[in-house]
Amino acid sequence: MAVIELRGVNKHFGSHHVLKDVDLSVEAGEVVAVIGPSGSGKSTLCRSINRLETIDSGTILIQGESLPQEGKELSQVRAQVGMVFQQFNLFAHKTVLENVTIAPIDVLHRSKKQARAEALHLLDRVGVRDQAHKVPAQLSGGQQQRVAIARALAMHPTAILFDEPTSALDPEMVNEVLDVIADLARNGMTMLIVTHEMSFARRVADRVVFMDDGRIVETSSAEKFFTAPETQRAAEFIQSTRHGQ
């Protein structure tokens, strides 16, 4: 059974048809990179999976169950599917440690002692344990994003969605975040990663999904996609990213 499955998903913003009959599945332990030009629907696809965007038609399944509309059931699904955003979305007035422990305490009903111990372990894992008692504004962008990853992991998710996790970072901070994500991939975390980092997608993804104009144009193994794309549109996109580097 796929951990994440989309069947015939459509989404409009007003008259703009953003997702067009999208079918996609992500298997347990699989790393799927979603790439494509700006405005192709990548982030909307990512945000629809845990209903940060509501779809107009089609079905989204998480571990074989339809995505609930709202309420407690939706919160439970969101706990299963972690999300890491472009802009970190940390609570500005809470410490790093509080940012990581708040959801396990409130949603998973962990004791404060248990949540704290696990949070410190996760902060150590992503390399920012020494920042635990600072507030986000005292951290670099790369450190904040690593805290956001620890916060997602603290919920013991079945899968994690990454929406352009490095696009808000200075170039020198990009690799420190990508290294953390690559480590998760090596350890078998199921992930869907919207990214414009082509070399990273090629290195880490099991499969690449190429989107253009709201549709999935091509999907194949990372190596095959980057060495022998099947469509002219994908070939043009790969060529344009090489020119941009």
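You'll find the structure just up there.
The rules behind each value
- Residue indices follow the written sequence of each chain, beginning from 1 at its first position.
- With the structure being a predicted model, the display of local features is reserved for residues of pLDDT at least 70 and the display and counting of side-chain atom pairs for 80 or more, all residues being used for whole-chain, interface and lining totals.
- Values shown for side chains rest on all heavy atoms present in the structure; no hydrogens or waters enter the calculation.
- A run of H or I in DSSP becomes a helix once it reaches four residues, and a run of E becomes a strand once it reaches two; helices and strands are each numbered from the N terminus.
- With C-alpha atoms as the basis for the radius of gyration, the globule rule is written as 2.2 Å multiplied by the number of residues raised to the power 0.38.
- The buried label goes to any residue with under 20% of its type's maximum accessible area, the exposed label to any with over 50%, and the partly exposed label to all in between, with areas taken from a 1.4 Å probe on protein chains only.
- The contact criterion used throughout is that any non-hydrogen atoms of two residues lie within 4.5 Å.
- His is not counted, nor are the chain ends, whereas Lys and Arg count as positive and Asp and Glu as negative.
- In plain terms, the charge of a residue is placed at NZ if it is Lys, CZ if Arg, CG if Asp and CD if Glu.
- Strand pairing follows a simple DSSP-based rule, namely that at least 2 bridges must link the two strands.
- Angles shown run from 0 to 180 degrees and are taken between the N-to-C directions of axes, each axis being a line fitted to C-alpha atoms and, for helices, limited to the stretch in contact.
- The pocket and cavity definitions rest on a 1 Å grid over protein atoms only: a 1.4 Å probe that fits but cannot leave marks a cavity, an open set with protein on both sides within 12 Å along at least five of seven lines marks a pocket, and residues lining either have an atom within 4 Å of a point.
- Grid points are joined across faces, edges and corners, and a volume is the space filled by probe spheres set on the points.
- Classification convention: Asp, Glu, Lys, Arg as charged; Ala, Val, Leu, Ile, Met, Phe, Trp, Tyr, Cys, Pro as nonpolar; all other residues, Gly among them, as polar.
- Buried Ala, Val, Leu, Ile, Met, Phe, Trp, Tyr and Cys residues that are joined via side-chain atoms within 4.5 Å together make up what is termed a nonpolar core.

Engineer: Can you walk me through the overall build of the protein in this structure?
Structural biologist: For the protein, the helix and strand inventory stands at nine helices and 10 strands. Over its C-alpha trace the protein gives a radius of gyration of 18 Å, about what one expects of a compact globule, namely 18 Å for 245 residues. Considering only C-alpha atoms, the protein reaches an extent of 55 × 40 × 35 Å along its principal axes. For the protein, the residues scored as buried account for 53% of the 245 residues in total. Pairs at least 24 apart in sequence give 66% of the contacts found in the protein among residues at least 6 apart. Considering the protein, the positive charge centre built from 26 side chains and the negative charge centre built from 30 side chains are found 5 Å apart.

Engineer: In this structure, what is going on with the sheet that holds strand β6 (residues 81-84)? I would like to understand it.
Structural biologist: Note: strands within a sheet are paired through backbone hydrogen bonds, in either parallel or antiparallel orientation. Here six strands make up an open sheet; going across it, the order is β6-β7-β8-β3-β9-β10 and the pairing mixed. The open sheet has two edge strands with one neighbour each: β6 and β10 (215-221). The average undirected angle you get between the axes of adjacent strands in this sheet is 15°. Bridging between strand β9 (residues 207-212) and β10 involves six bridges; their strand directions are antiparallel. Within the sheet, the bridge partner assigned to arginine 207 lies in β10 and is serine 221. The strands that helix α5 (residues 141-153) touches are β6 and β7 (159-163); relative to β6, the one it contacts most, it runs at about 170°. Strands in contact with helix α6 (residues 171-186) are β3 (31-35), β7 and β8 (190-194); relative to β8, the strand with the most contacts, it is inclined by about 145°.

Engineer: Would you mind showing me how to read the sheet that holds strand β1 (residues 4-13) here?
Structural biologist: Within the open sheet, the four strands sit side by side as β2-β1-β4-β5. Their pairing is antiparallel. Looking at which strands have only one partner, the edges of the open sheet turn out to be β2 (16-26) and β5 (65-66). Looking at chain direction, strand β4 (residues 57-62) and β5 are connected through two bridges and run antiparallel. Opposite leucine 61, over in β5, you have serine 66 as the bridge partner.

Engineer: What should I look at first to understand the layout of surface pockets in this one?
Structural biologist: The gaps of empty space that remain are located by a probe, the size of a water molecule, rolled over the atoms. Here the largest pocket is characterised by a volume of approximately 540 Å³. Every residue lining the largest pocket is counted, 18 residues in all, and those nearest its centre are Arg78, Met83, Ala103, Arg151 and Met155. Contributing elements (two or more residues each) for the lining of the largest pocket: α2 (71-80), β6, α3 (96-106) and α5. When its residues are assigned to classes, the lining of the largest pocket shows 11 nonpolar, five polar and two charged.

Engineer: It is not clear to me how the nonpolar core should be interpreted in this structure. Could you clarify?
Structural biologist: The tendency in soluble globular proteins is for nonpolar side chains to be buried as a group. Leu123, Ile149, Ile160, Phe162 and Met191 are the most contacted members of the largest nonpolar core, which totals 39 residues. Broken down by secondary-structure element, the contributors of at least two residues to this core are α3, α4 (112-125), α5, β7, α6, β8 and α7 (198-204). At nine residues, α6 tops the list of elements feeding residues into this core. Counting 28 residues, the second largest nonpolar core, distinct from the first, contains Cys46, Ala159, Leu161 and Met211.

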